[in-house]
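Chain residues, written in single-letter form:
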Amino acid sequence: MSDRDRYVIRGGRPLHGQVTVSGSKNAALYALAAALLTPDTVKLRNVPRIADIEEMAAVLRALGAEVTIEGETVILRAATFTTTVAPAALVAKLRASFLVVGALLARAGEATCVSPGGDVIGSRPLDVHFTGFRALGADVSEHDGQHVVRASRLRGARIFFDYPSVLGTVNVLFAAVRAEGRTTIINAAAEPEVEMVAEMLVRMGARITGHGSAIIEVDGVDRLGGVDFTVIPDRLEAGTYLLAGAATGGDVHVTNARPEHMDSLIAKLREVGVEVDTAGGIQAHCPGPLRATQVQAVPYPGFPTDLQAPMTAALLRAAGTSTVHERVYERRFDYVQQLHLLGAKIEVGANGIATIHGGEPLNGAAVRALDIRAGAAVVVAGLAATGETVVGGVGHLDRGYADLESRLRSLGADITRRVG
Ligand code: EPU
């Protein structure tokens, strides 16, 4: 796999059929990091076979953990650490790598880590993480561009987050499970991936309640043990296939999608005229043309920012004017210039609102995947467009979508990968 790889899509065919999605990328990344919290063996199942998992495994190995990846199963053991300094070059590639800070703080009492890299989608501060660590009694400082977090002893606290940061919640949760006494996190992230990793920690011996809501309570314990745990299906991957189906006027059934994680998308699909059946997974059938709508991308349970780009692409097929308001990341409309190359009529205002004039013809063109979800948008638009679309930067899609081209082909898409 290489970033030079391209997808060649011959669009205009409605997608039809069944597809099974992988385990959640983000939930699996948090689960890998959570394995640092115990010296015992952790076995994770249903881990997606994507580049980000390999990168996270490399980060954990650099700290001294043993990590074995066998297909969709990952076995980890962090008996001891060889260092508490996270490998800067690897951390720069992957935002979730910053979770080693909370885990190292809990287990080793200190962590040193640079600011993590990740997609260029807007400012990505770390103040929520540091507010939480400080409230638990840690000292946070910066030396030579590295964040140094230390605590001889962590003590439970009542912590208010200015923003329900996803990674911030997980990082502080990792530290809180080993702190003395009770921690209450107010305005915590409620995403299903956060809820899942908290559930995994409970299975390892942690005492946590309220996960999956905005208030999480943790009673610290002295030790966590090993676990055999299965990662939840990826709601963002599932949403991408459902939106590709909607954009092409097709009928897509994601057999293992969890409807209870996807209320906001299901509601929007129904609003634009898609028939959605949630009896076994999620099936989205388009009986006719799509209708325009309004979407706001906000924290869970609102419409996910990670589906904002493919949703915008699907709304290009809805006659009339739709608006999409991105309220999480101010730069998450950069991909719109790529959609313009296909003939899309979209204006993005300084207020973070995109106005989409849908129902206009889309014609194949050469475009680029700028990040994982921006890549999903150009693929969805390319599938809906007439003629040939060549998508560059496929390496970004490899970071988040396992077997994208074969899964789309199984739904009837004409898509091939051109290597190098
Ligand atoms: N924020 C703060 N302070 C902080 C942290 C975040 O103000 O300390 C703000 C950010 O500026 C941003 C908002 O909070 O406006 C959301 O950031 P959050 O911290 O929730 O995002 P994240 O945890 O860094 C994860 C996912 C993203 C996903 C977001 C939002 C991983 C590895 N990343 O990022 O996923 O978009 O939550 O749901 O889990 C992706 O999968 O493509 C992806 C980018």
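What counts, and where the lines are drawn
Residues numbered from 1 in each chain as written. Predicted model: local features only at pLDDT ≥ 70, side-chain atom pairs only at ≥ 80, totals over all residues. Heavy atoms only, no water. Helix = DSSP H or I, 4+ residues; strand = E, 2+ residues; numbered from the N terminus. Rg over C-alpha atoms; globule rule 2.2 N^0.38 Å. Buried < 20%, exposed > 50% of the residue type's maximum accessible area, 1.4 Å probe, protein only. Contact = heavy atoms within 4.5 Å. Lys, Arg positive; Asp, Glu negative; His and termini not counted. Charge placed at Lys NZ, Arg CZ, Asp CG, Glu CD. Near = heavy atom within 4 Å. Polar contact = N/O pair within 3.5 Å; in protein donor to acceptor, adjacent residues only side chain to side chain. Areas by Shrake-Rupley, 256 points an atom, 1.4 Å probe, with all protein chains shown as cover. Nonpolar A, V, L, I, M, F, W, Y, C, P; charged D, E, K, R; others polar. Domains from an automatic or database assignment. Salt bridge = Lys/Arg side-chain N within 4 Å of Asp/Glu carboxyl O. Buried area = accessible area lost by both parts, 1.4 Å probe. Pairing = 2+ DSSP bridges. Phe/Tyr/Trp six-rings, centres within 6.5 Å; stacked < 30°, edge-to-face > 60°. Axes fitted to C-alpha atoms, helices over the stretch in contact; angles between N-to-C directions. Parallel < 35°, antiparallel > 145°, perpendicular 65-115°, else oblique. Left-handed = near helix turned anticlockwise from the far one by under 90°.

Considerations on the overall build of the protein chain
1) Next: Check the secondary structure of the protein chain and you find 14 helices and 24 strands.
2) Next: In terms of overall dimensions, the protein chain is globule-like: its C-alpha atoms have a radius of gyration of 21 Å, near the 22 Å expected for 420 residues.
3) Next: Considered along the principal axes of its C-alpha atoms, the protein chain spans approximately 65 × 45 × 40 Å.
4) Next: Looking at the protein chain as a whole, 59% of its 420 residues qualify as buried.
5) Next: In the protein chain, 72% of the contacts between residues at least 6 apart in sequence involve partners at least 24 apart.
6) Next: Measuring between centres, the 41 positive side-chain charges of the protein chain sit 2 Å from its 45 negative side-chain charges.

Here's the deal with the site of the ligand
1) Next: Near the ligand you find 24 residues, and of these Tyr-30, Val-128, Ser-165, Leu-167 and Val-328 are the closest.
2) Next: The contact in question runs from an oxygen atom of the ligand to an N or O atom on the backbone of Pro-125, over 3.2 Å.
3) Next: Here an oxygen atom of the ligand sits 2.6 Å away from a polar atom, N or O, in the side chain of Ser-165.
4) Next: About the coverage of the ligand: the protein hides 91% of its 820 Å² of free accessible area.
5) Next: Elements supplying a minimum of two residues to the shell around the ligand: α1 (25-34), α5 (127-135) and α6 (166-176).
6) Next: Looking at the shell around the ligand, its residues break down into 11 nonpolar, 5 polar and 8 charged.
7) Next: In this structure, the shell around the ligand is formed jointly by two domains, domain 1 (6-21 + 233-418) and domain 2 (25-226), each of which donates at least three residues.

Things to note about the pattern of salt bridges
1) Next: Scanning the entire structure with this criterion turns up 21 salt bridges.
2) Next: Of the charged contacts, one joins Asp-40 and Arg-223 as a salt bridge, the two residues approaching to 3.1 Å between their closest N and O atoms. Of this pair, Asp-40 sits in the loop between α1 and β3 (41-45) while Arg-223 is found in the loop between β12 (215-219) and β13 (227-230), placing the two residues 183 residues apart along the sequence.
3) Next: Asp-219 is the partner of Arg-182 in a salt bridge, and the nearest nitrogen-oxygen pair spans 3.1 Å. Taken together, the positions of Arg-182 in strand β10 (residues 182-186) and Asp-219 in strand β12 put the pair 37 residues apart, joining distant regions of the chain.
4) Next: What you see here is one network of salt bridges that share partners, running through Asp-5, Asp-398, Glu-405 and Arg-417.

Details of the domain arrangement of the protein chain
1) Next: You can read the domains of the protein chain as domain 1 (6-21 + 233-418) and domain 2 (25-226).
2) Next: With 23 residues of domain 1 in contact, the opposing surface of domain 2 contributes 19 residues.
3) Next: Summed over both partners, the interface of domain 1 with domain 2 buries about 1,800 Å², with 48% contributed by carbon and sulfur atoms.
4) Next: Looking only at domain 1, the three residues that lose the most surface to domain 2 are Tyr-300, Tyr-329 and Arg-399, adding up to 32% of its buried area.

Description of the pairing of strand β1 (residues 6-10)
1) Next: One ladder, built from 5 bridges, connects β1 with strand β24 (residues 414-418); its direction is antiparallel. By the bridge assignment for β24, Tyr-7 is matched with Arg-417.
2) Next: Of the strand pairs in this sheet, β1 and strand β23 (residues 388-392) are connected by 4 bridges, and their pairing is antiparallel. Looking at the pairing, Tyr-7 lines up with Val-391 of β23.

Regarding the packing of aromatic side chains
The geometry of an aromatic ring pair comes down to the distance between the two centres and the angle between the two planes.
1) Next: Following the criterion strictly, the structure yields 2 aromatic pairs and no others.
2) Next: Ring geometry for Phe-333 against Tyr-335: centres 6.2 Å apart, planes inclined by 45°, an arrangement best described as tilted.
3) Next: Given the relative accessible area of 8%, Phe-333 is considered buried.

Some details on the sheet that holds β24
1) Next: Pairing in this open sheet of 4 strands is mixed, and the strands run β22-β23-β1-β24 from one edge to the other. Each of the sheet's edge strands pairs with one partner strand only, and the pair in question is β22 (366-368) and β24. In this sheet, adjacent strand axes meet at a mean angle of 25° when their direction is disregarded.
2) Next: Lying on the sheet, helix α12 (residues 372-384) is in contact with β1, β22 and β23; it crosses β1 at an angle near 30°.

Examining the environment of His-357
1) Next: Relative to the helices and strands, His-357 resides in strand β21 (residues 353-358).
2) Next: The partly exposed category is assigned to His-357, whose relative accessible area is 27%.
3) Next: Between the alpha carbons of His-357 and Leu-315 there is a distance of 8.5 Å; along the sequence they are 42 residues apart.
4) Next: Once residues within four sequence positions are removed from consideration, His-357 is found in contact with Gly-320, Thr-321, Lys-345 and Glu-347.
5) Next: A distance of 2.9 Å separates polar atoms of two side chains, one belonging to His-357 and the other to Glu-347.

A word on the packing of α5 against α6
1) Next: Look at α5 against α6: their axes get within 8 Å of each other, and the N-to-C directions meet at 20°. Judged on the interaxial angle alone, α6 and α5 are roughly parallel. At the point where α5 passes α6, the crossing takes the right-handed sense. The segment α5 lies against α6, with Val-128, His-129, Gly-132 and Phe-133 engaging Leu-167, Gly-168, Asn-171, Val-172 and Ala-175.
2) Next: Classifying every residue of the contact of α5 with α6 gives 5 nonpolar, 4 polar and no charged.

Concerning the environment of Arg-107
1) Next: Mapped onto the secondary structure, Arg-107 falls in helix α4 (residues 100-108).
2) Next: Residues Arg-107 and Ala-189, spaced 82 residues apart in sequence, show a C-alpha to C-alpha distance of 23 Å.
3) Next: Polar contacts involving the side chain of Arg-107 include one to the main-chain carbonyl oxygen of Leu-36, which spans 2.7 Å.

Overview of the sheet that holds β12
1) Next: Spatially, the 4 strands line up as an open sheet ordered β9-β10-β12-β11, and their pairing is mixed. Strand pairing shows two members of the sheet lacking a second neighbour, β9 (158-160) and β11 (207-209), which therefore form its edges. Averaged over all pairs of adjacent strands, the angle between their axes in this sheet comes to 15°, without regard to strand direction.
2) Next: Of the strand pairs in this sheet, β9 and β10 are connected by 3 bridges, and their pairing is parallel. For Phe-160, the partnering residue across the bridge sits in β10 and is Ile-186.

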